[in-house]
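Commentary on secondary and tertiary structure
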Amino acid sequence: MEKVKAKKHLGQHFLIDESIAAAIAATLNFEGYEEVLEIGPGMGVLTKYLLDKPITTYVIEIDTESVTYLENNFSKLKGKIISKDFLKYDINETFEGKQFGIIGNFPYNISTQIVFRMLEYRNQIPEFSGMFQKEVAERICEKKGTKAYGILSVLVQAFYHADYLFTVDEHVFNPPPKVKSGVLRLRRKEDFSLPCGEKLFFTVVKTAFQQRRKTLRNSLKTLNLSDNLREETIFDLRPEQLNVQQFIELTQKIEADAV
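Now for a look at the structure at hand. (Residues numbered from 1 in each chain as written. Predicted model: local features only at pLDDT ≥ 70, side-chain atom pairs only at ≥ 80, totals over all residues. Heavy atoms only, no water.)

1. Focus on the overall build of the chain
Assigned secondary structure in the chain consists of eleven helices and nine strands. Over its C-alpha atoms the chain spans a radius of gyration of 20 Å, differing by no more than 12% from the 18 Å that the globule rule assigns to 259 residues. A burial count over the chain gives 50% of its 259 residues as buried. A separation threshold of at least 6 residues defines the contact pool for the chain, and within that pool the share at least 24 residues apart is 68%. Within the structure as shown, the chain displays about 12,800 Å² of accessible surface, and the carbon and sulfur contribution to it stands at 47%. (Helix = DSSP H or I, 4+ residues; strand = E, 2+ residues; numbered from the N terminus. Rg over C-alpha atoms; globule rule 2.2 N^0.38 Å. Buried < 20%, exposed > 50% of the residue type's maximum accessible area, 1.4 Å probe, protein only. Contact = heavy atoms within 4.5 Å. Areas by Shrake-Rupley, 256 points an atom, 1.4 Å probe, with all protein chains shown as cover.)

2. Structural notes on the layout of surface pockets
Counted as a void, the largest pocket has a volume near 720 Å³. If you trace the largest pocket, you find 38 residues lining it, with Phe-14, Gly-40, Pro-41, Gly-42 and Met-43 closest to the centre. Residue assignment for the lining of the largest pocket shows that the elements contributing at least two residues are strand S1 (14-15) and strand S2 (35-39). (1 Å grid on protein atoms, 1.4 Å probe; cavity = no way out; pocket = protein on both sides within 12 Å on 5 of 7 lines; lining within 4 Å. Points joined across faces, edges and corners; volume = space filled by probe spheres on them.)

3. Brief notes about the side chain of Thr-94
In this fold, Thr-94 is placed in helix H4 (residues 92-95). Under the relative-accessibility criterion, Thr-94 is labelled buried at 16%. In contact with Thr-94, not counting residues within four places along its chain, are Tyr-58, Ile-82 and Tyr-89.

4. Overview of helix H6 (residues 134-141)
Along H6, the positions that sit buried rather than exposed are Val-136, Ala-137, Ile-140 and Cys-141. In an axial view of H6, the angular spread of the buried residues amounts to 130 degrees, which keeps them on one side of the axis. (Arc of directions from axis to C-beta.)

5. Comments concerning the packing of aromatic side chains
Under the criterion given, the structure shown has ten aromatic pairs. Considering the side-chain rings of Tyr-149 and Phe-209, the 6.0 Å spacing of their centres and the 75 degrees angle between planes classify their relative orientation as edge-to-face. Placement of the pair is Tyr-149 in the loop between H6 and helix H7 (151-159) and Phe-209 in helix H8 (residues 198-210), with a sequence separation of 60 residues. The class of Tyr-149 is buried, set by a relative accessible area of 1%. Take Phe-209: its relative accessible area is 7%, and that puts it in the buried class. Each residue in the set Tyr-58, Phe-95 and Phe-100 is aromatic and connected to the rest through ring pairs, giving one cluster. The cationic tip of Arg-122 hangs over the ring face of Phe-159; the distance from NZ or CZ to the ring centre is 4.3 Å. (Phe/Tyr/Trp six-rings, centres within 6.5 Å; stacked < 30°, edge-to-face > 60°. Lys NZ or Arg CZ within 6 Å of the ring centre and 35° of its normal.)

6. Thoughts on the sheet that holds strand S3 (residues 56-60)
Ordered by their spatial adjacency, seven strands build an open sheet running S4-S3-S2-S5-S6-S9-S7, and the pairing between neighbours is mixed. What marks the edges here is a single partner per strand, and that holds for strand S4 (81-82) and strand S7 (160-168). Looking at chain direction, S7 and strand S9 (residues 181-188) are connected through eight bridges and run antiparallel. Across the sheet, Val-168 pairs through a bridge with Ser-181, a residue of S9. Against the sheet, H7 contacts S7 and S9, and its axis sits at roughly 120 degrees relative to S7. (Pairing = 2+ DSSP bridges. Axes fitted to C-alpha atoms, helices over the stretch in contact; angles between N-to-C directions.)

7. Points about the pattern of salt bridges
Pairs can form between side chains of opposite charge once their charged atoms are near each other. On inspection of all chains with the given rule, the structure shows 13 salt bridges. For Glu-198, the salt bridge goes to Arg-122, with nearest N and O atoms at 2.5 Å. Of this pair, Glu-198 sits in helix H8 while Arg-122 sits in the loop between helix H5 (111-120) and strand S6 (127-133), and the two are 76 residues apart along the sequence. The shortest N-O distance in the salt bridge between Asp-227 and Arg-230 comes to 4.0 Å. Of the two residues, Asp-227 and Arg-230 both sit in helix H10 (residues 227-230), three residues apart, roughly one turn of that helix. Taking the relative accessible area as the measure of exposure, Asp-227 reaches 57% and is therefore exposed. Through salt bridges that share partners, Asp-169, Glu-170 and Lys-180 make up one connected network. (Salt bridge = Lys/Arg side-chain N within 4 Å of Asp/Glu carboxyl O.)

What follows is the structure, encoded as C-alpha coordinates:
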(Lines give C-alpha, C1' and ligand atoms only; values in the text may rest on other atoms or scores of the structure.)
Protein backbone atom coordinates (compact mmCIF):
# COMPACT_ATOMS: atom_id res chain seq x y z
CA MET A 1 0.00 0.00 0.00
CA GLU A 2 1.16 3.52 -0.73
CA LYS A 3 2.44 5.59 2.16
CA VAL A 4 0.08 7.90 4.01
CA LYS A 5 0.21 11.55 3.02
CA ALA A 6 0.76 13.88 5.98
CA LYS A 7 -2.24 16.12 6.67
CA LYS A 8 -1.54 19.63 7.84
CA HIS A 9 -4.86 20.03 9.66
CA LEU A 10 -3.98 17.01 11.83
CA GLY A 11 -0.51 18.36 12.60
CA GLN A 12 1.11 15.26 11.09
CA HIS A 13 4.90 15.09 10.78
CA PHE A 14 5.91 11.47 10.22
CA LEU A 15 9.13 10.37 11.92
CA ILE A 16 11.43 8.68 9.40
CA ASP A 17 14.51 8.01 11.55
CA GLU A 18 14.43 4.42 12.80
CA SER A 19 17.05 4.97 15.51
CA ILE A 20 15.00 7.75 17.09
CA ALA A 21 11.84 5.63 16.95
CA ALA A 22 13.70 2.82 18.74
CA ALA A 23 15.05 5.29 21.32
CA ILE A 24 11.55 6.61 22.08
CA ALA A 25 10.20 3.06 22.46
CA ALA A 26 13.02 2.36 24.92
CA THR A 27 11.99 5.23 27.23
CA LEU A 28 9.25 3.18 28.89
CA ASN A 29 10.10 0.69 31.64
CA PHE A 30 6.76 -1.17 31.49
CA GLU A 31 6.73 -1.54 35.29
CA GLY A 32 3.39 -1.94 37.03
CA TYR A 33 1.29 -2.34 33.89
CA GLU A 34 0.90 -4.77 30.99
CA GLU A 35 -0.64 -2.59 28.27
CA VAL A 36 0.48 0.54 26.44
CA LEU A 37 -1.42 3.00 24.27
CA GLU A 38 0.33 4.79 21.42
CA ILE A 39 -1.34 8.05 20.41
CA GLY A 40 -1.14 9.01 16.73
CA PRO A 41 0.89 6.10 15.31
CA GLY A 42 0.65 7.28 11.69
CA MET A 43 2.44 4.63 9.61
CA GLY A 44 3.77 2.76 12.64
CA VAL A 45 7.45 3.73 12.73
CA LEU A 46 7.31 3.73 16.56
CA THR A 47 4.64 1.04 16.75
CA LYS A 48 6.83 -1.72 15.33
CA TYR A 49 9.35 -1.26 18.16
CA LEU A 50 6.57 -1.40 20.74
CA LEU A 51 5.28 -4.64 19.23
CA ASP A 52 8.66 -6.22 19.99
CA LYS A 53 8.25 -5.48 23.70
CA PRO A 54 6.77 -7.93 26.22
CA ILE A 55 3.59 -5.87 26.49
CA THR A 56 0.22 -5.53 24.72
CA THR A 57 0.18 -2.50 22.40
CA TYR A 58 -2.93 -0.55 21.46
CA VAL A 59 -2.93 2.43 19.11
CA ILE A 60 -5.43 5.28 18.80
CA GLU A 61 -5.55 7.13 15.49
CA ILE A 62 -8.01 9.73 14.17
CA ASP A 63 -6.75 9.62 10.56
CA THR A 64 -8.71 6.96 8.66
CA GLU A 65 -6.00 6.66 6.00
CA SER A 66 -3.45 5.83 8.68
CA VAL A 67 -5.86 3.33 10.25
CA THR A 68 -6.18 1.52 6.91
CA TYR A 69 -2.39 1.50 6.49
CA LEU A 70 -1.90 0.02 9.97
CA GLU A 71 -4.57 -2.63 9.39
CA ASN A 72 -2.87 -3.69 6.16
CA ASN A 73 0.70 -3.69 7.46
CA PHE A 74 0.59 -4.73 11.14
CA SER A 75 -1.19 -8.03 11.69
CA LYS A 76 -0.19 -7.94 15.38
CA LEU A 77 -2.47 -4.91 15.83
CA LYS A 78 -5.60 -6.79 14.82
CA GLY A 79 -8.37 -5.78 17.23
CA LYS A 80 -6.11 -3.21 18.91
CA ILE A 81 -6.52 -0.21 16.61
CA ILE A 82 -8.85 2.43 18.07
CA SER A 83 -10.11 4.69 15.27
CA LYS A 84 -11.05 7.59 17.57
CA ASP A 85 -10.00 11.04 18.78
CA PHE A 86 -7.98 10.55 21.99
CA LEU A 87 -9.21 13.88 23.35
CA LYS A 88 -12.86 12.75 23.17
CA TYR A 89 -12.59 8.99 23.66
CA ASP A 90 -13.50 7.31 26.97
CA ILE A 91 -10.30 5.34 27.33
CA ASN A 92 -11.90 2.85 29.71
CA GLU A 93 -13.94 1.44 26.86
CA THR A 94 -10.60 -0.25 26.12
CA PHE A 95 -8.71 -0.36 29.43
CA GLU A 96 -11.61 -0.90 31.84
CA GLY A 97 -9.93 0.77 34.82
CA LYS A 98 -6.58 -1.03 34.40
CA GLN A 99 -3.13 0.55 34.57
CA PHE A 100 -1.55 1.38 31.22
CA GLY A 101 1.29 3.44 29.76
CA ILE A 102 1.05 6.13 27.08
CA ILE A 103 3.59 6.87 24.38
CA GLY A 104 3.63 8.71 21.08
CA ASN A 105 5.04 11.15 18.58
CA PHE A 106 2.32 13.60 19.50
CA PRO A 107 0.71 16.02 17.00
CA TYR A 108 2.11 19.37 18.10
CA ASN A 109 -1.16 21.24 17.59
CA ILE A 110 -2.88 19.21 20.35
CA SER A 111 0.07 18.05 22.47
CA THR A 112 -0.78 20.26 25.46
CA GLN A 113 -4.38 19.03 25.38
CA ILE A 114 -3.10 15.45 25.35
CA VAL A 115 -1.17 16.11 28.57
CA PHE A 116 -4.20 17.63 30.31
CA ARG A 117 -6.30 14.66 29.16
CA MET A 118 -3.63 12.29 30.47
CA LEU A 119 -3.78 14.02 33.87
CA GLU A 120 -7.50 13.23 34.05
CA TYR A 121 -6.52 9.53 33.91
CA ARG A 122 -3.48 9.84 36.21
CA ASN A 123 -4.81 7.16 38.55
CA GLN A 124 -4.36 4.66 35.69
CA ILE A 125 -1.20 5.97 33.99
CA PRO A 126 2.06 5.20 35.84
CA GLU A 127 4.23 6.10 32.86
CA PHE A 128 3.99 8.48 29.90
CA SER A 129 6.63 9.35 27.32
CA GLY A 130 6.93 10.74 23.87
CA MET A 131 7.87 13.54 21.53
CA PHE A 132 6.65 17.12 21.68
CA GLN A 133 7.65 20.44 20.21
CA LYS A 134 10.90 21.14 22.09
CA GLU A 135 9.54 24.25 23.76
CA VAL A 136 6.53 22.35 25.15
CA ALA A 137 8.63 19.42 26.39
CA GLU A 138 10.95 21.85 28.19
CA ARG A 139 8.01 23.70 29.70
CA ILE A 140 6.56 20.49 31.16
CA CYS A 141 9.89 19.62 32.81
CA GLU A 142 10.83 23.17 33.85
CA LYS A 143 11.59 24.19 37.45
CA LYS A 144 10.50 27.38 39.20
CA GLY A 145 12.00 30.77 38.49
CA THR A 146 11.88 30.89 34.69
CA LYS A 147 9.49 32.24 32.07
CA ALA A 148 8.90 28.72 30.75
CA TYR A 149 7.69 27.51 34.17
CA GLY A 150 3.91 27.60 34.27
CA ILE A 151 0.61 25.76 34.58
CA LEU A 152 1.77 22.64 32.73
CA SER A 153 4.99 22.43 34.77
CA VAL A 154 3.23 22.57 38.14
CA LEU A 155 0.25 20.35 37.36
CA VAL A 156 2.34 17.60 35.76
CA GLN A 157 5.09 17.68 38.39
CA ALA A 158 2.55 17.51 41.23
CA PHE A 159 1.87 13.91 40.21
CA TYR A 160 4.86 12.84 38.07
CA HIS A 161 8.64 12.94 38.00
CA ALA A 162 9.39 14.73 34.70
CA ASP A 163 12.61 14.22 32.74
CA TYR A 164 13.62 15.89 29.48
CA LEU A 165 15.53 13.14 27.67
CA PHE A 166 16.82 14.34 24.31
CA THR A 167 16.33 16.80 21.45
CA VAL A 168 15.35 15.77 17.91
CA ASP A 169 16.24 17.78 14.79
CA GLU A 170 13.74 18.84 12.14
CA HIS A 171 15.19 16.82 9.24
CA VAL A 172 14.17 13.41 10.65
CA PHE A 173 10.50 14.07 9.83
CA ASN A 174 8.47 14.09 6.64
CA PRO A 175 7.42 16.82 6.20
CA PRO A 176 9.97 18.49 8.51
CA PRO A 177 8.44 20.79 11.15
CA LYS A 178 9.71 24.34 11.55
CA VAL A 179 10.87 23.68 15.12
CA LYS A 180 13.02 21.20 16.99
CA SER A 181 11.38 18.45 19.00
CA GLY A 182 12.03 17.10 22.47
CA VAL A 183 11.41 13.69 24.04
CA LEU A 184 10.36 13.51 27.67
CA ARG A 185 9.37 10.83 30.16
CA LEU A 186 6.92 11.13 33.05
CA ARG A 187 6.92 8.59 35.86
CA ARG A 188 4.12 8.77 38.38
CA LYS A 189 5.17 9.48 41.95
CA GLU A 190 4.84 6.64 44.42
CA ASP A 191 2.45 8.77 46.48
CA PHE A 192 0.64 10.89 43.92
CA SER A 193 -2.39 11.89 45.99
CA LEU A 194 -2.18 15.50 47.14
CA PRO A 195 -2.66 16.55 50.79
CA CYS A 196 -5.18 19.15 49.65
CA GLY A 197 -8.26 19.35 47.47
CA GLU A 198 -7.06 18.49 43.97
CA LYS A 199 -9.81 20.46 42.23
CA LEU A 200 -8.90 23.57 44.26
CA PHE A 201 -5.20 22.96 43.58
CA PHE A 202 -5.85 23.01 39.82
CA THR A 203 -7.90 26.21 40.22
CA VAL A 204 -5.22 27.95 42.29
CA VAL A 205 -2.42 27.08 39.84
CA LYS A 206 -4.39 28.08 36.74
CA THR A 207 -5.70 31.30 38.29
CA ALA A 208 -2.25 32.33 39.52
CA PHE A 209 -0.52 31.86 36.18
CA GLN A 210 -3.26 33.56 34.17
CA GLN A 211 -1.81 36.80 35.54
CA ARG A 212 1.74 35.61 36.06
CA ARG A 213 3.29 39.08 36.26
CA LYS A 214 1.20 39.98 39.30
CA THR A 215 1.77 38.92 42.88
CA LEU A 216 -0.46 36.18 44.22
CA ARG A 217 -2.22 38.81 46.34
CA ASN A 218 -3.55 40.32 43.13
CA SER A 219 -3.81 37.33 40.81
CA LEU A 220 -5.88 35.30 43.31
CA LYS A 221 -8.38 38.07 44.13
CA THR A 222 -11.18 36.17 42.43
CA LEU A 223 -10.92 33.42 45.07
CA ASN A 224 -12.32 35.84 47.70
CA LEU A 225 -9.60 35.26 50.27
CA SER A 226 -9.78 36.83 53.73
CA ASP A 227 -7.74 39.95 54.45
CA ASN A 228 -5.79 38.07 57.12
CA LEU A 229 -4.73 35.34 54.70
CA ARG A 230 -3.77 37.81 51.99
CA GLU A 231 -1.32 39.48 54.40
CA GLU A 232 0.83 36.32 54.61
CA THR A 233 4.26 36.70 52.99
CA ILE A 234 3.66 33.99 50.39
CA PHE A 235 1.21 36.38 48.69
CA ASP A 236 4.08 38.80 48.01
CA LEU A 237 5.43 36.29 45.46
CA ARG A 238 4.61 35.83 41.79
CA PRO A 239 3.50 32.34 40.68
CA GLU A 240 6.78 31.49 38.93
CA GLN A 241 8.56 31.87 42.30
CA LEU A 242 6.65 28.95 43.89
CA ASN A 243 7.66 25.32 43.48
CA VAL A 244 5.09 22.51 43.44
CA GLN A 245 5.25 21.96 47.20
CA GLN A 246 4.64 25.65 47.85
CA PHE A 247 1.58 25.58 45.59
CA ILE A 248 0.29 22.64 47.62
CA GLU A 249 0.90 24.57 50.86
CA LEU A 250 -0.80 27.64 49.37
CA THR A 251 -3.84 25.53 48.49
CA GLN A 252 -3.93 24.16 52.04
CA LYS A 253 -3.91 27.72 53.42
CA ILE A 254 -6.79 28.70 51.14
CA GLU A 255 -8.75 25.60 52.23
CA ALA A 256 -8.21 26.41 55.89
CA ASP A 257 -9.23 30.04 55.26
CA ALA A 258 -12.55 28.93 53.82
CA VAL A 259 -13.53 26.91 56.90
